[in-house]
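# A structural walkthrough
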Amino acid sequence: MDDGRFALNIAAFIIRTWAISLEVFLRTGTGLRYPGPPGVAVFVLIPMYGCGWPGHDLWPLFLMLPAYLAMCIRLRISNLWQRMHNRPMVHSWYNGFPCLCRLMPFLSEGTAKRLVEPFLVFVTGAACAIWNAPFGCYLIGASVCLLISHSLGEEIQRQQALDMHDAMIQQRQVADRFRQLRNRGRW
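An account of the accompanying structure is given in this report. (Residues numbered from 1 in each chain as written. Predicted model: local features only at pLDDT ≥ 70, side-chain atom pairs only at ≥ 80, totals over all residues. Heavy atoms only, no water.)

Secondary structure assignment for the chain yields 6 helices and 2 strands. The linear arrangement of helices and strands in the chain, starting from the amino end, is α-β-α-α-β-α-α-α. Taken over C-alpha atoms, the radius of gyration comes to 22 Å for the chain, far larger than the 16 Å a tight globule of 187 residues would show. For the chain, the spread of C-alpha atoms along the three principal axes comes to 80 × 45 × 30 Å. (Helix = DSSP H or I, 4+ residues; strand = E, 2+ residues; numbered from the N terminus. Rg over C-alpha atoms; globule rule 2.2 N^0.38 Å.)

Below, the discussion takes up the environment of Arg177. On the secondary structure map, Arg177 appears in helix 6 (residues 133-184). The partly exposed category is assigned to Arg177, whose relative accessible area is 43%. For Arg177 and Leu69, which are 108 residues apart along the polypeptide, the C-alpha to C-alpha distance reads 57 Å. (Buried < 20%, exposed > 50% of the residue type's maximum accessible area, 1.4 Å probe, protein only.)

This part takes up the packing of helix 1 (residues 2-26) against helix 2 (residues 36-51). Viewed as axis vectors pointing N to C, helix 1 and helix 2 meet at an angle of 90°, and their least axial separation amounts to 8 Å. When the axis of helix 1 is compared with that of helix 2, the two are roughly perpendicular. In contact with Phe13, Arg16, Thr17, Trp18, Ile20 and Ser21 of helix 1, helix 2 contributes Pro37, Pro38, Gly39, Ala41, Val42, Leu45 and Tyr49. In terms of residue class, the contact of helix 1 with helix 2 is made up of 9 nonpolar, 3 polar and 1 charged. (Axes fitted to C-alpha atoms, helices over the stretch in contact; angles between N-to-C directions. Parallel < 35°, antiparallel > 145°, perpendicular 65-115°, else oblique. Contact = heavy atoms within 4.5 Å. Nonpolar A, V, L, I, M, F, W, Y, C, P; charged D, E, K, R; others polar.)

To continue, consider a nonpolar patch on the surface. Among the surface-exposed residues, Phe6, Ile10, Phe13 and Ile14 lie close enough to one another that they form a single nonpolar patch of about 380 Å² accessible area. Mapped onto the elements of the fold, Ile14 is located in helix 1. (Patch = residues over 30% accessible without salt bridge, like charges linked within 9 Å, V, L, I, M, F, W, Y side chains within 5 Å. Areas by Shrake-Rupley, 256 points an atom, 1.4 Å probe, with all protein chains shown as cover. Salt bridge = Lys/Arg side-chain N within 4 Å of Asp/Glu carboxyl O.)

Looking now at the packing of helix 2 against helix 3 (residues 59-84). Close contact between helix 2 and helix 3 brings their axes to 10 Å; oriented N to C, the two are set at 170°. When the interaxial angle is binned, helix 2 and helix 3 end up roughly antiparallel. Between helix 2 and helix 3, the residues in contact are Gly39, Val42, Phe43, Ile46, Pro47, Tyr49 and Gly50 and Leu61, Phe62, Met64, Leu65, Tyr68 and Leu69, respectively. Broken down by class, the residue content of the contact of helix 2 with helix 3 amounts to 11 nonpolar, 2 polar and no charged.

This is a description of form; function is not addressed.
This is the structure:
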């Protein structure tokens, strides 16, 4: 059981890392602790991914690393600016508000993260794969990871909400039982 859970955690970490490698380009207004350890792991993921493409031109893929670092710095500066100007804080692990929602205000945040961003990244990756296979396939893989990562986050929140609902019902039952015992005078 523990080995299976460990394997799932590793898989989730890799998926999250791959998704974060593009989220910094697609989002703004992240939390203070974002991107965290998976964000650092991007600097390991991209070179390891490149090792799977011997003999191919990897420059577009490796040019993504300084661009990724620049976007992480931009997000950190944005966070500092928000703190200095007493702006409301978001959840510290919040992965950001989709830039697409500013371009298309009719899109909800969930729809943009769940459908539009992965689709656009997939189409971009397919187009880039014609020009540079390693980079295009990386983007296609990242689009799948964006979709999975957002779905996992939604499922975790759903489970937490169900746990809170169950706890509320249990506490109500305990309070009812307490009132019954108190009214009877039996402790």
